There are 2 protein chains.
Amino acid sequence: MSAKDLYHEPFVRALRKDGWNITDDPLFLAIADTDLLIDLGAERVVAAERGKERIAVEIKSFLSKSVVQDLKEASGQFMLYEEALKRSPANMDRVLYLAVRLRIYASLFVTGIGSILLESHRLRLIIFDEDREEITKWIPSNDTGPS
Amino acid sequence: MSAKDLYHEPFVRALRKDGWNITDDPLFLAIADTDLLIDLGAERVVAAERGKERIAVEIKSFLSKSVVQDLKEASGQFMLYEEALKRSPANMDRVLYLAVRLRIYASLFVTGIGSILLESHRLRLIIFDEDREEITKWIPSNDTGPS
């Protein structure tokens, strides 16, 4: 089982519990003759006057030997996908997030080197508990509940 | 010979030809209990009233099987090192660049997927000719010559 498979389904179930519909698994973008695949596209209905909220999510396992190497790769994906989404007419309203497990968030992003990327608002995260299959926290916080 | 070694010395010689002194090889940063190594630190004297111009450079070979994977890693390093430099009192004035070979620049950054990161000013590049051992171009352009 690949590292991707290991946390993909638990995260999808956590996102559904949080009121989201999965629209794309994966989300396909073709930019500058290059195919990019982001793990998930999802949407949910917010207050009626605001319509639908749409997101794109890359699920990161952080299972390699070097957590700093994983962080570089995740940050680079975030930068590239964020610019690619802006250039995709069908997806430019999607807000991009990295999904990371609670224990990775605690070790890497609260006190670890990843904290400098949150301080500077370089990344957006969805933190999830893979055992309980629940979303724990959005960074920045997502205040709009489902309708 | 590692991919790093292959272009490290040609780039160092190109940078020296351009009037730069290598101050750190590698440049060491300790941030949030993590050690980061950027390939090079360099400086050169500009017009006397402006003092010294200082840079940090990560040399990227783009030699793996997937150029998009290499781009993600390079972009993530850039994001992480840029934030780390800001938090290093001894290095916060250094401007960060990725050094890439001319042929990689032409294939990946002029028309390829890397172009979206230049359009949006997410990266700074030093393009070099590894055979002639010369700097070809700075992005954004570096207008200050050596004094």
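Right above here is the structure, for reference.
Anyway, here's the lowdown on the structure attached to this text. (Residues numbered from 1 in each chain as written. Chains lettered and ligands numbered in written order. Predicted model: local features only at pLDDT ≥ 70, side-chain atom pairs only at ≥ 80, totals over all residues. Heavy atoms only, no water.)

Here's the deal with the sheet that holds strand S1 (residues 21–24) of chain B
All names here are of chain B.
Stage number 1. With mixed pairing, the six strands of this open sheet are ordered in space as S1-S4-S5-S6-S7-S8. The outermost strands of the open sheet, each flanked by one partner alone, are S1 and strand S8 (134–139). Here the strands of the sheet are splayed against their neighbours by 35° on average, with no regard to which way each runs.
Stage number 2. When strand S4 (residues 40–45) meets strand S5 (residues 52–59), the two strands line up antiparallel, connected through six bridges. Within S5, the residue paired with Gly41 across the bridge is Ala56.
Stage number 3. Relative to strand S6 (residues 95–101), helix H3 (residues 102–110) is tilted by about 95°, and along the sheet it contacts S6, strand S7 (125–129) and S8. (Pairing = 2+ DSSP bridges. Helix = DSSP H or I, 4+ residues; strand = E, 2+ residues; numbered from the N terminus. Axes fitted to C-alpha atoms, helices over the stretch in contact; angles between N-to-C directions. Contact = heavy atoms within 4.5 Å.)

Some remarks on the pairing of strand S2 (residues 27–31) of chain B
Residue and element names in this part refer to chain B.
Stage number 1. Of the two faces of S2, only the one carrying Leu27, Leu29 and Ile31 is buried; Phe28 and Ala30 on the other face are not.
Stage number 2. Where S2 and strand S3 (residues 34–38) come together, five bridges link them in antiparallel fashion. Paired with Leu27 across the strands is Ile38, a residue of S3.
Stage number 3. In this antiparallel pair of consecutive strands, S2 and S3, the connection spans two residues, and Ala32 shows a positive phi of 50°. (Buried < 20%, exposed > 50% of the residue type's maximum accessible area, 1.4 Å probe, protein only.)

Let's talk about the interface of chain B and chain A
Stage number 1. The partner chain A presents 29 residues to the 29 residues of chain B that form the contact.
Stage number 2. Of the roughly 2,500 Å² buried at the junction of chain B and chain A (both faces included), carbon and sulfur atoms supply 67%.
Stage number 3. Counting across the chain B and chain A interface gives six salt bridges.
Stage number 4. Across the salt bridge formed by Arg122(A) and Glu83(B), the nearest N and O atoms sit 2.9 Å from each other.
Stage number 5. Inspection of the region where chain B meets chain A yields 14 residue pairs in polar contact (both at pLDDT 80 or more).
Stage number 6. For the side of chain B that touches chain A, the secondary-structure elements that each account for two or more residues are S3, helix H2 (67–86) and helix H4 (115–119) of chain B.
Stage number 7. If you tally residues by element for the side of chain B that touches chain A, the top one is H2(B), at 15 residues. (Buried area = accessible area lost by both parts, 1.4 Å probe. Salt bridge = Lys/Arg side-chain N within 4 Å of Asp/Glu carboxyl O. Polar contact = N/O pair within 3.5 Å; in protein donor to acceptor, adjacent residues only side chain to side chain.)

Some details on the pairing of strand S5 (residues 52–59) of chain A
Stage number 1. By the criterion of burial, S5(A) is predominantly enclosed, with seven of the eight residues buried.
Stage number 2. Handedness of the β-α-β unit built from S5(A), helix H2 (residues 67–86) of chain A and strand S6 (residues 95–101) of chain A comes out right-handed. (Right-handed = clockwise from strand over helix to strand, strands pointing away.)

Observations concerning the pattern of salt bridges
Stage number 1. Here the structure, examined in full by the defined rule, presents 34 salt bridges over all chains.
Stage number 2. A salt bridge links Glu134(A) to Arg132(A); its shortest N-O distance comes to 3.2 Å.
Stage number 3. Judged by relative accessible area, Glu134(A) falls into the partly exposed class, the value being 31%.
Stage number 4. The network of salt bridges with common partners includes Glu82(A), Glu83(A), Lys86(A), Arg87(A), Arg124(A), Glu119(B) and Arg122(B).

Examining the relation of the copies chain B and chain A
Stage number 1. Turning chain B through 180° and shifting it by 0.0 Å along the axis lays it on chain A, with an RMSD of 0.0 Å. When the rotation and shift are considered jointly, the pair of chain copies conforms to a two-fold rotation axis. Across chain B, the smallest distance between a C-alpha and the rotation axis is recorded for Gly76(B), namely 1.8 Å.
Stage number 2. Both copies contact each other with a shared surface, as 100% of the interface residues of chain B are interface residues in chain A too. (Least-squares fit on C-alpha atoms with pLDDT ≥ 70 in both.)

Focus: the environment of Glu133(A)
Residues and elements named next belong to chain A.
Stage number 1. Within the element layout of this structure, Glu133 appears in the loop between strand S7 (125–129) and strand S8 (134–139).
Stage number 2. Distance in space between the C-alpha atoms of Glu133 and Val12 is 8.5 Å, their sequence separation being 121 residues.
Stage number 3. Sequence-distant contacts of Glu133, that is, excluding residues within four places in its chain, are made with Pro10, Arg13, Ala14 and Lys17.

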